[in-house]
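Summary of the model geometry
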Amino acid sequence: MAKVAVSFGTSAERRWQTFAVMLFVSLIPSTLLFWFFAFTLFWVPIVNLLLLGYLAWVFLVDKSPKTGSRTPLLRYLSFWKYFVNYFPIKLVKTADLPPVGRYVIGYHPHGIISMGAFGCFATDAAGFSTLFPSIDVRLLTLPINFKTPFLREVLLWMGMCDSSRETCETVLSRCGTAIVLVVGGAQEALLTHPGTSNLVLSKRQGFVREAIIRGASLVPTFAFGENDLYNTHSFPPGSFTRWLQEFAKRQFSFSLPIFHGRGIFLTNSPLYLPFRTPVTVVMGAPIPVPKVDPKMDFKSPEGKQIVDSVHQKYQTALSELFDAHKDKYGYAQSKLV
């Protein structure tokens, strides 16, 4: 058993890095705290009326999670440099994205919390706007995250949107836009293990279909190191824990992987902060999609053939991207599965 070491950081820089990552990984688990805070405000005179108005606006009026209309002011805070430097996270460009186009960026693998996706596409600390000027990028996440008071405002000011079909339609109706989808989703999170590259992709064609409908090029993207940020434990099919994980995935669209990283001060303790492991996010060249009749029935044999063809091109391009860079980023013995 590893000896637990107490550390308060070797420098102020590293302490700020730890704080930035701790803040991010605490956001989603803090959902109940946000609701509890909102509930306590109901007992404060006048404030409760303001809260009721806010909740009505959230659930009945505000469409920004689907339109991407909220200006991502928080994305450009220099504070997020601490987040990307913790690992560190690096964004690698292999081809241009012309500003007149529309793009669906497929991010692989999901990992436990998709740290690389957040660092590269929800913040600008990895230099996305420098590498791809004039591209308005929106990282998509589960719609349920935008039903939580106050938390949703943070996500929206980061430029994030929900992962609904309506969002794809609205955001990609504008030239010079890109949406980022973590394709493998909750199922892929359950396959996360250090040193592996297990993807859920062969049956995921929805993002390809949306790209074809919107006339958006597909951009395969692989994050080397994403699966190495936590130690994980898997359970065999048929076990109660695996059943519970699958149940949560079916009912709530998120899974419950069992994982641990390091502590805040106890560096060798199995807690929830990720390990300081480099994450290199490599973006491939855009794959153009064929123009189709707007009324195309994608359930028809012709429609299925088009989707299958583009999906195969995407899988091939992703595999080639992985193979071209795996030696450089420590995955020489790995294969995409």
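Residues numbered from 1 in each chain as written. Predicted model: local features only at pLDDT ≥ 70, side-chain atom pairs only at ≥ 80, totals over all residues. Heavy atoms only, no water.

Spatially, the 7 strands line up as an open sheet ordered β1-β9-β6-β2-β5-β3-β4, and their pairing is mixed. Each having just a single partner strand, β1 (89-93) and β4 (161-162) make up the two edges of the open sheet. Across 2 bridges, strand β3 (residues 136-141) lies against β4 in parallel orientation. Across the sheet, L140 pairs through a bridge with C161, a residue of β4. Against the sheet, helix α6 (residues 115-122) makes contact with β1, β2 (102-108), β3, β5 (177-182) and β9 (279-283), and its axis sits at roughly 65 degrees relative to β1, the strand it touches most. (Pairing = 2+ DSSP bridges. Helix = DSSP H or I, 4+ residues; strand = E, 2+ residues; numbered from the N terminus. Contact = heavy atoms within 4.5 Å. Axes fitted to C-alpha atoms, helices over the stretch in contact; angles between N-to-C directions.)

Our focus in this paragraph is the pairing of β3. Burial of β3 is extensive: 5 of the 6 residues sit out of reach of the surface. Where β3 lies against β5, 4 bridges are found, and the strand directions are parallel. Residue pairing in the sheet places R138 in a bridge with I179 of β5. One crossover worth recording links β3 to the parallel β4 by way of helix α8 (residues 151-157), and it is right-handed. (Buried < 20%, exposed > 50% of the residue type's maximum accessible area, 1.4 Å probe, protein only. Right-handed = clockwise from strand over helix to strand, strands pointing away.)

Going through the model one piece at a time under the given rule, you end up with 27 aromatic pairs. Consider the rings of F207 and Y314, whose centres lie 5.1 Å apart with planes at 75 degrees: the pair is edge-to-face. One end of the pair, F207, is in helix α11 (residues 206-214); the other, Y314, is in helix α13 (residues 301-325), with 107 residues separating them in the sequence. Its guanidinium or amino end placed over the ring of W157, R70 lies 4.9 Å from that ring's centre, counting from NZ or CZ. A cation sits over an aromatic face here: K93 above F132, 5.3 Å from the ring centre. (Phe/Tyr/Trp six-rings, centres within 6.5 Å; stacked < 30°, edge-to-face > 60°. Lys NZ or Arg CZ within 6 Å of the ring centre and 35° of its normal.)

You can see H260 is positioned in strand β8 (residues 258-260). Accessibility expressed as a relative area gives 29% for H260, which makes it partly exposed. Distance from H260 to T232, taken between C-alpha atoms, is 6.5 Å for residues 28 residues apart in sequence.

F83, F121, V281 and M283 are the most contacted members of the largest nonpolar core, which has 49 residues in total. Ranked by the residues each element gives to this core, the list is headed by α6, at 6 residues. Residues within four places of V281 in sequence aside, it is in contact with I89, K90, L91, V92, Y107, G116, C120, F121, T221, F222 and A223. Of all hydrophobic cores here, the second largest spans 34 residues; its members include C168, I287, V289 and F322. (Core = buried A, V, L, I, M, F, W, Y, C linked by side-chain atoms within 4.5 Å.)

What follows concerns unusual backbone geometry. A cis amide bond links F87 to the next residue, P88, at an omega of 0 degrees. Within the secondary structure, P88 is located in the loop between α5 (80-86) and β1. Omega for the peptide link from H108 to P109 comes to -10 degrees, which places this bond in the cis form. Assignment of secondary structure puts P109 in the loop between β2 and α6. Here S134, not a glycine, exhibits a phi torsion of approximately 75 degrees, which is positive. The class of S134 is exposed, set by a relative accessible area of 59%.

Moving on, we get to helix α1 (residues 12-27). With 16 residues, α1 extends 23 Å from end C-alpha to end C-alpha; this agrees with the ideal 22 Å at 1.5 Å per step. All of the buried residues along α1 are Q17, T18, A20, V21, F24, V25 and L27. Contact partners of the buried residues in α1: α2 (31-41), α5, α6 and α8. (Expected span 1.5 Å × (residues − 1).)

A few words now on the pattern of salt bridges. Inspection of every chain in the model, using the stated rule, returns 10 salt bridges. Note that D162 is salt-bridged to K66, the shortest N-O span being 3.0 Å. Remark: K66 occurs in helix α4 (residues 64-67) and D162 occurs in strand β4; sequence separation between them is 96 residues. The buried category is assigned to D162, whose relative accessible area is 3%. Residue E153 is joined to R152 by a salt bridge in which the shortest nitrogen-to-oxygen separation is 2.8 Å. The exposure classification of E153 matches that of R152, with both residues buried. Among the charged side chains, a network of salt bridges with common partners joins D62, R70, R152 and E153. (Salt bridge = Lys/Arg side-chain N within 4 Å of Asp/Glu carboxyl O.)

Attention now goes to a nonpolar patch on the surface. On the surface, a cluster of nonpolar side chains totalling about 570 Å² of accessible area is made up of F240, W243, L244, F247, F254 and L256. Along the chain, F247 turns up in helix α12 (residues 240-252). (Patch = residues over 30% accessible without salt bridge, like charges linked within 9 Å, V, L, I, M, F, W, Y side chains within 5 Å. Areas by Shrake-Rupley, 256 points an atom, 1.4 Å probe, with all protein chains shown as cover.)

This next bit is on helix α3 (residues 47-61). Owing to its 3.6 residues per turn, the α-helix brings residues three or four apart onto one side. Along its 15 residues, α3 runs 20 Å from first to last C-alpha, staying within 8% of the 21 Å computed at 1.5 Å per residue. For α3, the set of buried residues is L51, Y54, L55 and V58. The buried residues of α3 all sit within an arc of 95 degrees when viewed along its axis, so they share a single face. Facing away from the buried side of α3 by over 90 degrees, the exposed positions are L49, L60 and V61. Check the buried side of α3 and you find it contacts α2 and α8. (Arc of directions from axis to C-beta.)

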